[in-house]
Amino acid sequence: MQKQLLAELCDRYPAHSSDTPVLYTDTPNSAEAVEFLKQVQPDVVLASCKQILKPKAFSIAKTGTFALHPGICPEYRNAHGCFWALANNDLD
């Protein structure tokens, strides 16, 4: 079932085109990342990272930056939120 769902998602959302600018960085707050965002002038940024974004990075997008957290907020905040929920047997 998962393989089928993955195949359907890959069909629906193909890989980005070769002319799409991409930056790989260790931190979204680096000078390199901030300069990249200034150059591409995004309308929206979706941030999926474990680091707290600094205003110099998250304030560049015209509409805004939306941070996607892997944890269960607000009960379990931080990068290890899912671990602590399971450690506390909090399956709900």
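Numbering of residues begins from 1 in every chain and follows the order in which that chain's sequence is written. At least 70 in pLDDT is required for a residue's local features to be given in this predicted model, at least 80 for side-chain atom pairs to be given and counted, and no such filter applies to totals for whole chains, interfaces and linings, which use all residues. Processing note: side-chain calculations cover all non-hydrogen atoms of the structure and skip hydrogens and water entirely.

Points about the packing of aromatic side chains
Only the six-membered ring of Trp is used, alongside the rings of Phe and Tyr, when aromatic pairs are assigned; centres must lie within 6.5 Å, and planes under 30 degrees apart are stacked while those over 60 apart are edge-to-face, with the rest tilted. Applying the stated rule across the entire model yields one aromatic pair. The interplanar angle of 75° and the centroid separation of 4.9 Å between the aromatic rings of F83 and W84 together place this pair among those described as edge-to-face.

Let's talk about the environment of Q41
Strands are runs of DSSP state E lasting at least two residues, helices are runs of H or I lasting at least four, and both sets are numbered from the N terminus onward. One can find Q41 in the loop between α2 (31-40) and β1 (44-47). Taking relative accessible area as the criterion, Q41 reaches 62% and is therefore assigned exposed. Relative accessibility decides the category of a residue: with a 1.4 Å probe and only protein chains considered, values under 20% of the type maximum give buried, values over 50% give exposed, and everything between is partly exposed.

Digging into the confidence of the model for the protein
Here the protein averages 88 in pLDDT, and 95% of its residues register 70 or above. The predictor attaches a confidence to each residue, and that confidence, scored 0 to 100, is pLDDT. Within the protein, helix α4 (residues 81-87) has the poorest average pLDDT of any element, 82, and α2 the best, 96.

Comments concerning the pattern of salt bridges
Salt bridges are defined as contacts in which a side-chain nitrogen from Lys or Arg sits within 4 Å of a carboxyl oxygen from Asp or Glu. Applying the stated criterion to the full structure yields one salt bridge. Linking K62 and D43 is a salt bridge whose minimum nitrogen-to-oxygen distance equals 3.6 Å. Of the two residues, K62 is situated in the loop between α3 (55-58) and β2 (64-67) and D43 in the loop between α2 and β1; the sequence distance between them amounts to 19 residues. Assessed through its relative accessible area of 43%, D43 is described here as partly exposed.

Comments concerning the environment of L23
Summarising the element assignment, L23 is placed in the loop between α1 (2-12) and α2. The sequence separation of L23 and G81 amounts to 58 residues, and the corresponding C-alpha distance is 28 Å. Any two residues whose heavy atoms approach within 4.5 Å at even a single point are treated as in contact. In this view, L23 contacts E32, A33 and F36; residues no more than four positions away in its chain are not counted.

Observations regarding unusual backbone geometry
Note on backbone geometry: most residues besides glycine have negative phi, and most peptide bonds are trans. Even without being glycine, Q41 reaches a positive phi, approximately 45°. Of note, N89 is a non-glycine position whose phi angle comes to about 55°, a positive value. Within the element layout of this structure, N89 appears in the segment after α4.

Observations regarding the side chain of N29
Examined against the element boundaries, N29 turns out to sit in the loop between α1 and α2. A distance of 2.8 Å separates the side chain of N29 from the backbone nitrogen of K54, its partner in a polar contact. Apart from the residues within four sequence positions on either side, N29 is in contact with V34, I52, L53, K54, K56 and A57. Polar contact is the term for a pair of N or O atoms within 3.5 Å; when the atoms are in protein, one must be able to donate a hydrogen and the other to accept it, and sequence-neighboring residues count only if both atoms are side-chain atoms.

Remarks on the environment of D19
Relative to the assigned elements, D19 resides in the loop between α1 and α2. Its relative accessible area of 64% is what places D19 among the exposed residues. Side chain to side chain, D19 and S17 meet in a polar contact 2.3 Å long.

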